[in-house]
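The primary structure of each chain is shown beneath.
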Amino acid sequence: MQTAIVGYGYVGKGMRKIFPGAFVYDPKINCNAKNMQKKAAKEAVNACDLAIICVPTPPIGMNEQKINVDCNTFLRADTSVVEEVISWLKTPLILVKSTIPPGTTDRLKQKYGKRICFSPEYMGEGGYYTPPQYPSPTDPMRHGWMIIGGDPKDCDDMYDIFIQRMGPAKVYFKCSAIEAELIKHMENTWIAMKVTFANEWKNICDSFGASYNTVREGWLLDPRVERMHTAVFRNKPGFGGKCLPKDLHSIITASGKQGYEADMLKSIWQANQKFRGADDPGTVLCPKCFPHDKTIVTCPEEEANNGYAYCEIHGKVSW
Ligand SMILES: NC(=O)c1ccc[n+]([C@@H]2O[C@H](COP(=O)([O-])OP(=O)(O)OC[C@H]3O[C@@H](n4cnc5c(N)ncnc54)[C@H](O)[C@@H]3O)[C@@H](O)[C@H]2O)c1
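Residues numbered from 1 in each chain as written. Predicted model: local features only at pLDDT ≥ 70, side-chain atom pairs only at ≥ 80, totals over all residues.

## A closer look at the overall build of the protein
Here comes step 1: Check the secondary structure of the protein and you find 10 helices and 11 strands.
Here comes step 2: Split into buried and exposed, the 319 residues of the protein put 36% on the buried side.
Here comes step 3: Partitioning the contacts of the protein with sequence separation of at least 6, the portion at a separation of at least 24 is 63%. (Helix = DSSP H or I, 4+ residues; strand = E, 2+ residues; numbered from the N terminus. Buried ≥ 20, exposed ≤ 12 C-beta atoms within 10 Å, placed from the backbone. Contact = placed C-beta atoms within 7 Å.)

## A few points about the site of the ligand
Here comes step 1: Every one of the 27 residues lining the ligand counts as a neighbour, but Gly7, Gly9, Tyr10, Lys28 and Ser98 are closest to it.
Here comes step 2: Contributing elements (two or more residues each) for the shell around the ligand: α1 (10-18) and α3 (80-88). (Near = placed C-beta within 6 Å.)

## Quick notes on unusual backbone geometry
Here comes step 1: Unusually for a residue other than glycine, His229 sits at a positive phi of about 70°.
Here comes step 2: The topology assignment puts His229 in the loop between α7 (212-219) and α8 (244-257).
Here comes step 3: For His229, a count of 17 C-beta atoms within 10 Å puts it in the partly exposed group.

## So, the nonpolar core
Here comes step 1: Val6, Ala51 and Ile53 are the most contacted members of the largest nonpolar core, which has 40 residues in total.
Here comes step 2: Setting aside anything within four residues of it in sequence, one finds Val6 in contact with Tyr25, Val45, Ala51, Ile52, Ile53, Cys54, Val55 and Val85. (Core = buried A, V, L, I, M, F, W, Y, C linked by C-beta atoms within 7 Å.)

## Quick notes on the pairing of strand β6 (residues 145-149)
Here comes step 1: Burial of β6 is extensive: 4 of the 5 residues sit out of reach of the surface.
Here comes step 2: Pairing of β6 with strand β7 (residues 171-175), which is carried by 5 bridges, proceeds in the parallel orientation. By the bridge assignment for β7, Trp145 is matched with Val171.
Here comes step 3: Handedness of the crossover joining β6 and β7 through helix α5 (residues 152-166): right-handed. (Pairing = 2+ DSSP bridges. Right-handed = clockwise from strand over helix to strand, strands pointing away.)

## Describing the environment of Lys90
Here comes step 1: Turning to its location among the elements, Lys90 is positioned in the loop between α3 and β4 (93-96).
Here comes step 2: For Lys90, a count of 13 C-beta atoms within 10 Å corresponds to the partly exposed category.
Here comes step 3: Separated by 25 residues in sequence, Lys90 and Arg115 place their C-alpha atoms 9.8 Å apart.

## A few points about α8
Since the α-helix packs 3.6 residues into each turn, any two residues three or four apart lie on the same face.
Here comes step 1: Under the 1.5 Å per step criterion, the end-to-end length of α8 is 20 Å for 14 residues, consistent within 8% with the ideal 20 Å.
Here comes step 2: Those residues of α8 lying buried are Leu244, Pro245, Lys246, Asp247, Leu248, His249, Ser250, Ile251, Ile252 and Ala254.
Here comes step 3: Buried residues along α8 sit against α6 (177-207) and α9 (263-276).
Here comes step 4: A positive phi of about 95° marks Gly259, the residue just after α8. (Expected span 1.5 Å × (residues − 1).)

Have a look at this one:
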């Protein structure tokens, strides 16, 4: 059983913890790096039994490095890299770990006639300590469950591959591809909602001159309230990073195309923009810090027009 990982970034590296001997295909990495066992060409990937796709799906129409779009503008995820990879893959089974809008797996299965499943990924880039009862941010091998979406026979074959590596003690949940894609977006918008709720309450507490931290700890004494994602970080309000804004936008746009306006989800984004100061046209995120969501930089309007901003860490940066 030989596996290939296509796209060796954050998620791809996590997948290699499940399949340490996997071929890796990523045009941007140095395949001679110490931790790479084998240099993989497309032919080597296509000789494998399974390919796991972990390539980016950034928002279309939004510069990935600039999040201050108009509050009423919602963008869709760019699935073109996933599609390009699927177009050349010839492995008997393909698993998409990249987050893709509902309906994408079925569309690509139909277009390319290949056996494709989608599985939501639960790693994350929060940057803080995560206790073991929560999904490990870096190691999917330590996650307690796996969701596999696709045709029942494809899911079953995928199940047989993963259970041999991840073990029988995990829960394996099989469903349709569209259900699995929805589960992933429901998860990330849930997290975004929790962060937004916490930030709203921080502002309410501030308006009364009360400590949010004390109010939060008191609130959390009720066992019905979940602790995760309820902290409000000083100088880093709201949510950001590579996934939550992108996936929130993506599901709002996808639902809109289905004829449903997800107004409640839109209000999460609008509130977040307020918390982040993104309604202020002079505020952008530093493109060099952005993937790790570290620094908000000030950008004078005349410079914004020229595409420059000033970051405390990186100085003058373009975006
Ligand atoms: N980072 C997370 O915590 C996380 C969690 C869950 C889901 N996801 C999803 O997983 C996907 C990947 O995210 P990531 O954070 O690993 O991204 P990343 O930017 O860290 O890694 C993506 C990798 O894909 C490579 N790549 C780009 N085009 C390629 C191509 N044509 N062929 C092969 N490789 C190519 C890039 O060089 C890069 O190394 C996204 O859809 C994201 O939404 C990410």
